[in-house]
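Topology and contacts: notes
Residues per chain are reported as follows:
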Amino acid sequence: MKTVSREQVATSEQVGELALPTRVQEALGELVSSAKEGLLALSVGVGLGVLAELLEEEVVEVVGVKGKHDPQRTAVRHGHEAGEVTLGGRRVAVERPRVRSADGREEVTLRTYEHFADRDQLSRVVLERMLAGVSTRRYRRAAEPVGSEVEQAARSTSRSAVSRAFTERTRLSLGELMSRRLDDVRLAVMMLDGLELKGRTNVVALGITTEGVKIPLGLWDGSTENATVATALLSDLVERGLDPEQGILFVIDGAKALRKAIRNVFGEAPVQRCVRHKERNVLEHLPERERPLVKQRLRRAWALDDHPRALDQLRQLASELERSYPGAAGSLREGMEETLTLTRLGVTGSLKRTLESTNPCESMLEIVRHTQRNVNRWSSGEMALRWTAAGMLEAERQFRRIIGYRDLATLVVAIERDRRRHSDAAHTPIKEAAIVLSV
């Protein structure tokens, strides 16, 4: 093996250094200064240099080699001008080459520049940071370090610019959510709930498909969680293609306005009242010392798979509460049968535990509330809708299939059977009247 002395290495390094072109040596010097500010700043400097090379390569591809005559040429070089690209949530100035058609009538678009100059990438970054809790005032501080030279020339990081980008992006999110077609969506469950926003209310709908996939369906704005707002939301879902004739189980918190809206749009569909909401409502009418025993009896009844027995236990509890705590008894009796809808349909196990409350929808709303934690004032209903829609789509990225989804086929069959039973019951009086008339 041949050895090389230190003197020979030093000599070769000097020769190599002398052999480097001046332009390359200058570029290396700039990169060394960028490296002092961190690896990311160094990468940004390299990336901008690569971008410049990519732009020049595309010019050669479109126009041809510079200085070489080509009679078939369709475009020509037209100098350079100042441009901007999106980089790490900011707009950064670059020098971009220009190309015009050979006859000089129109500008020729460079695809590379068009891609990196797309402002949509900027609005996506703004949306993610704002939903993560970064305020417009601190947006610049949350950006990745890209080097002082690039940072000084960067744009679109001021409060007003960030606010405009966020408004634009959330408006797109709202449009995306409210224009989703539902023609091919086969739902097994729909959950409805209200989101309070400091004097405003957004009624939201979450769907669960027959495969157990959760889908944000839509939302509607109002001053309260009233039947008009809920009916408008459900009617909009039907207009977007949701079949009102398909068997769907509705899960609600017990609000009468939501129950009325379901009846108005979907008829006598099965409704499951949230047992957690019902439990809280009943216990609020009781003194602290009575709550543990009543809570235990409520949960024991709801856990039964025998519908008549479960209903009997709830009725017995209501009768016992009647004398001392009539408010608790009245709260328990209101909608009591609908707290046992899943039991009546024969749904058991983990699927029953998942669907007997609005917890899946509450989980989505909790993510929405988290994204809105920095909002101090809602200037309009449109602002509330934009923020809520963006939060719902953010929550959708974290969704998993519900626990017990394998038993959803059983639920769908039970709902269809229940619908046929209601339909037959509705037609029975008509048939009996026809028989009487014929006699």
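Calculation rules
- Residues numbered from 1 in each chain as written.
- Predicted model: local features only at pLDDT ≥ 70, side-chain atom pairs only at ≥ 80, totals over all residues.
- Heavy atoms only, no water.
- Helix = DSSP H or I, 4+ residues; strand = E, 2+ residues; numbered from the N terminus.
- Buried < 20%, exposed > 50% of the residue type's maximum accessible area, 1.4 Å probe, protein only.
- Areas by Shrake-Rupley, 256 points an atom, 1.4 Å probe, with all protein chains shown as cover.
- Phe/Tyr/Trp six-rings, centres within 6.5 Å; stacked < 30°, edge-to-face > 60°.
- Contact = heavy atoms within 4.5 Å.
- Pairing = 2+ DSSP bridges.
- pLDDT = per-residue confidence, 0-100.
- Salt bridge = Lys/Arg side-chain N within 4 Å of Asp/Glu carboxyl O.
- Axes fitted to C-alpha atoms, helices over the stretch in contact; angles between N-to-C directions.
- Parallel < 35°, antiparallel > 145°, perpendicular 65-115°, else oblique.
- Left-handed = near helix turned anticlockwise from the far one by under 90°.
- Nonpolar A, V, L, I, M, F, W, Y, C, P; charged D, E, K, R; others polar.

1. Focus on the overall build of the protein
Helix and strand counts for the protein come out as 19 helices and 7 strands. A buried classification covers 43% of the 439 residues belonging to the protein. When the accessible surface of the protein is summed, it comes to about 24500 Å², and 51% of that surface belongs to carbon and sulfur atoms.

2. Quick look at the packing of aromatic side chains
Applying the stated criterion across every chain, the model contains 3 aromatic pairs. Between phenylalanine 166 and tryptophan 387, the aromatic rings sit 4.6 Å apart at their centres with planes inclined by 50°, giving tilted as the arrangement. In this pair, phenylalanine 166 sits in helix α8 (residues 159–178) while tryptophan 387 sits in helix α18 (residues 381–396), placing the two residues 221 residues apart along the sequence. Just as phenylalanine 166 is buried, tryptophan 387 falls in that class too. When the centroid spacing of 6.4 Å and the interplanar angle of 85° are considered together, the rings of tryptophan 378 and tryptophan 387 count as edge-to-face.

3. Points about helix α10 (residues 256–266)
If you check which residues of α10 are buried, you get Ala257, Leu258, Arg259, Ala261, Ile262 and Phe266. Among the structural elements, β3 (187–196), β4 (201–209), α9 (227–239), β6 (249–252) and β7 (271–273) are those in contact with the buried residues of α10.

4. Side note on the pairing of β3
The buried count for β3 comes to 9 of 10 residues, which makes it a mostly enclosed element. Of the strand pairs in this sheet, β3 and β4 are connected by 9 bridges, and their pairing is antiparallel. For valine 189, the partnering residue across the bridge sits in β4 and is isoleucine 208. Between the end of β3 and the start of β4, which pair antiparallel, lie 4 residues, with lysine 198 showing a positive phi angle near 50°. Relative to β6, β3 runs parallel, the two sharing 3 bridges. For valine 189, the partnering residue across the bridge sits in β6 and is leucine 249.

5. Points about the confidence of the model for the protein
For the protein, per-residue confidence averages 80 on the pLDDT scale, and 72% of positions sit at 70 or higher. Between residues 9–18, whose pLDDT stays under 50, and residues either more than four places distant or in other chains, the model counts 2 contacts. For residues 433–437, every residue scores under 50 in pLDDT, and the model assigns this stretch 0 contacts once sequence neighbours within four places are set aside.

6. Some details on the pattern of salt bridges
Enumeration according to the criterion identifies 28 salt bridges in this entry. Residue arginine 273 is joined to glutamate 334 by a salt bridge in which the shortest nitrogen-to-oxygen separation is 3.2 Å. Here arginine 273, found in strand β7, pairs with glutamate 334, found in the loop between α14 (326–333) and α15 (341–344); they are 61 residues apart in sequence, far enough to count as distant. Judged by its relative accessible area of 6%, arginine 273 falls in the buried class.

7. A short note on the packing of helix α11 (residues 275–283) against helix α12 (residues 291–303)
Running from amino to carboxyl end, α11 crosses α12 at an angle of 150°, the nearest separation of the two axes being 10 Å. It follows from the interaxial angle that α11 and α12 lie roughly antiparallel. The two elements α11 and α12 meet at a crossing, and its hand is right-handed. Seen from α11, the contacting residues are Val275, Arg276, Lys278, Glu279, Val282 and Leu283; seen from α12, they are Arg291, Val294, Lys295, Leu298, Arg299 and Trp302. A breakdown of the residues in the contact of α11 with α12 according to their chemical character gives 6 nonpolar, no polar and 6 charged.

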